[in-house]
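# Structural overview for review
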Amino acid sequence: MVDELVLIKSIYSDTPAGRRRDERRRTVLVEVGSPSRAEWGTAGQAGFQSDFVMRTPVENYDREEMAAYHDELFSIYRTYLNDATGEVELYLSRKRGADVWAIPAPTREAVL
């Protein structure tokens, strides 16, 4: 299934008031898939719960570490470049509980 994914990149800068975090959000088209049983088990051993595998052309990905899908926040915990297809696979784990609040909301100035 093809759907939209919002990739979120944190951008840090030093200001006179201290360190500032902004973010850049971009919407890209992805092929949505489920993780394999092996990936689900491997992710679980590393402390993640693998929720989705998203495939997109490699030029769409700029080392973002977070994504939003259907208004939920996800960590991109692993990537895999498939040279044969020119796609990157993004492995997503839903942010849960206190982990969601560890990411500050973007400021109005953060919209690029």
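Residues numbered from 1 in each chain as written. Predicted model: local features only at pLDDT ≥ 70, side-chain atom pairs only at ≥ 80, totals over all residues. Heavy atoms only, no water.

Here we take up the environment of threonine 79. With respect to the helices, strands and loops of the structure, threonine 79 is situated in strand E5 (residues 72-82). Look at threonine 79 and you get partly exposed, because its relative accessible area is 36%. Along the primary structure threonine 79 and arginine 63 are separated by 16 residues, whereas in three dimensions their C-alpha atoms are 9.1 Å apart. Beyond its immediate stretch of four places on either side in the chain, threonine 79 contacts Tyr61, Val88, Glu89, Leu90 and Tyr91. (Helix = DSSP H or I, 4+ residues; strand = E, 2+ residues; numbered from the N terminus. Buried < 20%, exposed > 50% of the residue type's maximum accessible area, 1.4 Å probe, protein only. Contact = heavy atoms within 4.5 Å.)

This part takes up the packing of aromatic side chains. As enumerated under the stated definition, the model contains three aromatic pairs in all. Centroid distance phenylalanine 52 to tyrosine 69: 5.2 Å. Interplanar angle 70 degrees. Geometry classified as edge-to-face. Of this pair, phenylalanine 52 sits in strand E3 (residues 52-57) while tyrosine 69 sits in strand E4 (residues 66-69); the two residues are 17 residues apart in sequence, bridging distant segments of the chain. Residue class for tyrosine 69 comes out buried when judged on its relative accessible area of 5%. Each residue in the set Phe52, Tyr69 and Phe74 is aromatic and connected to the rest through ring pairs, giving one cluster. (Phe/Tyr/Trp six-rings, centres within 6.5 Å; stacked < 30°, edge-to-face > 60°.)

Without other data, these values stay purely geometric and don't point to any function.
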